[in-house]
Amino acid sequence: MKKIKTLEELEQFRKEIQAQRDPKKTVISICAGTGCLALGSKKIAGAIKEEIQSQGLSLKVELSAIKETGCPGFCERGPIVVIYPEGTCYLGVTVEDVPEIVSKTIANNEIIERLVYKDPDTKERVVKDSEIPFYKKQQRYLLGKNNFIDSKSIEDYIRLGGYSALAKALSAMKPDEVIQEVIDADLRGRGGGGFPAGWKWHSTRNAEGDPKYVICNADEGDPGAFMDRALLEGNPHSVLEGMIIGAYAIGSRDGYIYVRNEYPLAVTNATLALDQAREFGLLGENILGSGFGFDIKIMRGGGAFVCGESSALFASLEGRSGEPRAKYIHATDKGLWDKPTSLNNVETWANVPLIINKGAKWYNGIGTEGSKGTKIFSLVGKISNTGLVEVPMGITLREIIYDIGGGVPGGKKFKAVQTGGPSGGCIPAKHLDTPVDFDELTKLGSMMGSGGMIVMDENNCMVDVANYFLKFLEEESCGKCTPCREGILQMRKILDLITSGEGKEEDLDTLEWMGQAIIDGSLCALGGSAPNPVITTMRYFRDEYEAHIRDKKCPAGVCKALIKFSIDPENCTGCHLCARICPVEAATGEKKEIHTIDDDICIKCRACYEVCKFDAIKIM
Amino acid sequence: MEDKVREIISKYDSDKAFLVPILQDVQKEFNHLPHKALHRVSVFLDVPISRIYEVATFYKAFSLTPRGDHQLTVCIGTACHVRGAQNLTDHIERILGIKPGETSGDLKFSFDTVNCVGACALGPILEADGDYHGKMTISKSNKLLKKLGKKVVTDEED
């Protein structure tokens, strides 16, 4: 491929590759995101290629039409194979299904009933991906392209209109106009802060100092959140295009992508995308003949949650340990190497080409008064349809959890949804009709965060969950400032006592004032929001705390010190499985006779509970 | 060792800013961060050895002690936690006799936890030598450990 030197050449190239593909011809999309890969989608893709050859269908389906794509979001039902142009969506595909898929569906357009979506309530089968309830309420402006793009192909991205926003910005807009467009679109930072991106760019452009830096924050450390991974992994060029436009607007020549090393596929795909963009002349000197030059380097993180915080991220990029600094000077004035810097999250950058192409007015039409556009959430935990959902701001929690997510599985009762990552909050059922946007979630004591949404059911103990987050933050605190380093530790110790049945009545007051002190006294947002999970669970689930303290009981049956395992003689068949699996010989009994569990020896590992096929193990 | 370290550093144009990825590559090469290699990094990059150790001990990804033949990692992200990752962690700890971050005395197994691998639909996840094993249970983990050469009782007949 030779360099694309002008706008005309880009459009010419786009036309050429569009002409190469007949839209009526078959395209097969196989999800090759991290989740589906773990379920064997690579083998499925290989098998499809082989089978098409051996069934003599190579003329009907070219090799380039078999795409290993990014994540289409419906992770619960992976591996996912979608056959276009019909949009026939097969879920939970295995290698064994492949010969039939090729001989029936690809060769003869026949639907294989067992592989399509079946509505759990109506038992109705849904063939097309767009008609599956999980997708119906979504507006997938960012994620939607994942299905059609081989994540390792820049041609696919360009075919679907990629880099046209960059072309538009470079040819028809002055840098200030680009910034004004983003300001008018009211794009707020998707990493959690919600700061208006356009104003950030504006400050960086007008700040004194050279060079200026543009950084993409892909240090997605929130446990249970993986939308940035899916974007960077599945459609890396959309992020690059956003960054190049941002750099043009700000007047920057140097960019960085700071990505978690725990996301190996995102690192690979983003690195490849950078190489391709350079080869095509979309990065480097004189981009598309505009005279503007910009390049991006990739930097892998070292597994420190705090490095998602801007000043810690800069320290890490400078080759130091990731400790935040006080932020009385903004990063837009003095960021990386003390130079003006615009740091935005992956999803924020991916929104930029959309805004430039469709205009601020269009973008503004989606969402609520204070939060515009769509937001991707990762809907996980005790939910029927785990996956990534992209919805307009303002949709209610109930719509996300029930209409899209399919509710809580196994007939269990919904208890709470945790939003905003480790420093977010747990929202109870009575607030499920709250519209989801930056401001409404904050009002409930939680926050938007980067978009993690963890659903919990009656079997989750809220004290345990609060303790889990504190442990997480205790470990991830960089240790620089005392309120965070010592405060979280002390709060966690109190929660340890409560969950082990040694809590005291006054502990709740202590947790409250201590939490406030940590919020007031911490240097960065990690400490400043660390007590949130404790404070919100105490607000909404105080009865659970009281049950642990007063009655020495864990109502959800989670906290080990407060529960007992026993065997229900009615249900026990003497199959001996529990005795076999028990690591400490607490479960005993002769085969075909009723077994027992010795509570003095039992370590409450739940192994017996998991293996028992007769519902004979009871937790009290 | 000297040549290898030099090679890694030259890949990053001897740029001090890339200390974290340089250490990642050094660790990949030698399976941990041996003192000698860190000393070389310090000399070649002209960064004080104290700073190198500061960085090597700050980030969770680095290990100053040799790692085992097999790497087991339990994902303890929130989605995995609410689906029982703590029990799984306790179980692996008990079977291997080591805590997260440690390596068994015979250098067979290293055990860690990770905050989230982003494959939440599969939770709880046990990562074994880079492969994700989803919807993990105690008995499934026993089978996996047995495959890796650890003597454990499984619920299958032998």
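A quick note: this is a predicted structure, and the numbers were derived from the prediction, not measured. Residue indices follow the written sequence of each chain, beginning from 1 at its first position. Lettering for chains starts from A, numbering for ligands starts from 1, and both go in the order in which the items are written. Note on the predicted model: pLDDT of at least 70 is required for a residue's local features to be given, and 80 or more for side-chain atom pairs to be given and counted; whole-chain, interface and lining totals, by contrast, use all residues. To get the side-chain values, all heavy atoms of the structure are used, and hydrogens and water are removed first.

Turning next to the sheet that holds strand E3 (residues 81-84) of chain A. Residue and element names in this part refer to chain A. Taken in spatial order, the four strands line up as E2-E1-E3-E4 in an open sheet, and their pairing is mixed. Two strands close off the open sheet at either side, each with one partner strand: strand E2 (66-69) and strand E4 (88-90). This sheet shows a mean twist of 20° between the axes of neighbouring strands, independent of strand direction. Here, a strand pair is defined by DSSP locating no fewer than two bridges between the strands. Labels follow the DSSP assignment, with helices taken as runs of H or I lasting at least four residues and strands as runs of E lasting at least two, numbered in each case from the N terminus. For E3 and E4, the ladder comprises three bridges, and the chain directions are antiparallel. The residue of E4 that forms the bridge with Ile83 is Thr88. Axis lines are fitted to C-alpha atoms, over the contacting stretch for helices. Their N-to-C directions set the angle, which ranges from 0 to 180 degrees.

So, on to the interface of chain A and chain B. Pairs of residues are marked as contacts when any of their non-hydrogen atoms sit within 4.5 Å. The interface of chain A with chain B comprises 65 residues on the first partner and 47 residues on the second. Across the chain A/chain B interface, buried area totals approximately 4300 Å², and carbon plus sulfur atoms make up 55% of it. A pair is scored as a salt bridge if a Lys or Arg side-chain nitrogen falls within 4 Å of a carboxyl oxygen belonging to Asp or Glu. Linking chain A with chain B are four salt bridges. Between Lys560 of chain A and Asp90 of chain B there is a salt bridge, and its shortest N-O distance comes to 2.6 Å. The term polar contact refers here to a pair of N or O atoms within 3.5 Å; inside protein, the definition further demands a hydrogen-donor-capable atom paired with an acceptor-capable atom, and it admits residues adjacent in sequence only when both atoms are side-chain atoms. Run the count over chain A and chain B and you get 24 residue pairs in polar contact (both at pLDDT 80 or more). Elements with a minimum of two residues in the side of chain A that touches chain B: helix H2 (34-38), strand E9 (295-300), helix H13 (310-317), strand E11 (374-381), strand E15 (452-457), helix H18 (462-476), helix H24 (577-581) and helix H25 (607-611) of chain A. For the side of chain A that touches chain B, the leading source of residues is H18 of chain A, giving six residues. Ten residue types, Ala, Val, Leu, Ile, Met, Phe, Trp, Tyr, Cys and Pro, are classed as nonpolar, four, Asp, Glu, Lys and Arg, as charged, and the remainder, Gly among them, as polar. Of the residues belonging to the side of chain A that touches chain B, the class tally is 31 nonpolar, 14 polar and 20 charged. The buried area of a pairing is the accessible area, by a 1.4 Å probe, that goes missing from both parts when the two are put together, added over both.

Residues and elements named next belong to chain A. Its place among the elements puts His237 in helix H11 (residues 236-250). For His237, a relative accessible area of 2% gives the class buried. Within the structure, His237 has its side chain in polar contact with the side chain of Tyr163 (distance 2.8 Å). Excluding its chain neighbours within four sequence positions, the residues that come into contact with His237 are Ile154, Tyr157, Tyr163, Ala273, Gln276 and Ala277. In this scheme, a residue with accessible area under 20% of its type's maximum is buried, one over 50% is exposed, and one in between is partly exposed, where area comes from a 1.4 Å probe on protein chains only.

Turning to the packing of aromatic side chains, a few remarks are in order. Residues and elements named next belong to chain A. Centres within 6.5 Å make a pair out of two Phe, Tyr or Trp rings, where for Trp the six-membered ring is used; the pair is then stacked when the planes are under 30 degrees apart, edge-to-face when over 60, and tilted otherwise. Enumeration over the complete set of coordinates arrives at 18 aromatic pairs over all chains. Consider the rings of Phe134 and Tyr135, whose centres lie 5.1 Å apart with planes at 75°: the pair is edge-to-face. With respect to burial, Phe134 and Tyr135 carry one shared label: buried. Taken together, a centroid distance of 5.1 Å and an interplanar angle of 65° make the contact between Tyr468 and Phe469 edge-to-face. Given the relative accessible area of 1%, Phe469 is considered buried. Taken together through their ring pairs, the aromatic side chains of Phe74, Tyr117, Phe134 and Tyr135 make up a single cluster. Our definition puts a charge over a ring when NZ of Lys or CZ of Arg is within 6 Å of the ring centre and also within 35 degrees of the ring normal. Above the plane of the ring of Tyr263 lies Arg229, whose end atom (NZ or CZ) is 6.0 Å from the centre. Positioned over the ring face of Tyr263 is Arg260, at 4.9 Å from the centre of the ring.

What follows is about the confidence of the model for chain A. Summary statistics for chain A give a mean pLDDT of 93 and a share of 100% for residues scoring 70 or more. pLDDT gives the predictor's per-residue confidence on a scale running from 0 to 100. Predicted confidence in chain A is weakest over H25 of chain A, with a mean pLDDT of 88, and strongest over H11 of chain A, with 98.

So, on to the packing of helix H7 (residues 164-172) of chain A against H11 of chain A. Residue and element names in this part refer to chain A. Where H7 contacts H11, the axes come no closer than 9 Å and their chain directions differ by 10°. With respect to H11, the element H7 is oriented roughly parallel. Contacts between H7 and H11 pair Ser164, Ala165, Leu166, Ala169 and Leu170 from the former with Glu241, Ile244, Ile245 and Tyr248 from the latter. Partitioning the contact of H7 with H11 into residue classes produces seven nonpolar, one polar and one charged. Comment on the angle field: the value is read as roughly parallel under 35 degrees, roughly antiparallel over 145, roughly perpendicular from 65 to 115, and oblique elsewhere.

Another aspect to go through is the pairing of strand E1 (residues 27-31) of chain A. Residues and elements named next belong to chain A. Where burial is concerned, most of E1 is hidden: five out of the five residues are buried. On E1, burial covers both faces: Val27, Ser29 and Cys31 on one face and Ile28 and Ile30 on the other are all buried. Two elements, E1 and E3, share four bridges in a ladder whose sense is antiparallel. By the bridge assignment, Ile30 is partnered in E3 with Val81.

Adjacent strands of a sheet form backbone hydrogen bonds with each other and so pair up, either parallel or antiparallel. Residues and elements named next belong to chain B. With respect to topology, five strands assemble into an open sheet ordered E2-E3-E1-E4-E5, the strand pairing being mixed. The strands lining the two open edges of the sheet, one partner per strand, are strand E2 (102-103) and strand E5 (131-133). Taken together, the two bridges between E2 and strand E3 (residues 109-114) define a ladder with antiparallel strand orientation. Counted as the bridge partner of Glu102 is Phe111 from E3. Here helix H6 (residues 85-96) sits on the sheet and contacts strand E1 (70-75), E3 and strand E4 (126-128); the angle it forms with E1, its principal contact strand, is near 155°.

Along H7 of chain A, the residues that are buried comprise Ser164, Ala165, Leu166, Ala167, Ala169 and Leu170 of chain A. Looking at the packing, one finds that the buried side of H7 of chain A touches helix H1 (7-19), helix H8 (175-185), H11 and helix H14 (346-358) of chain A.

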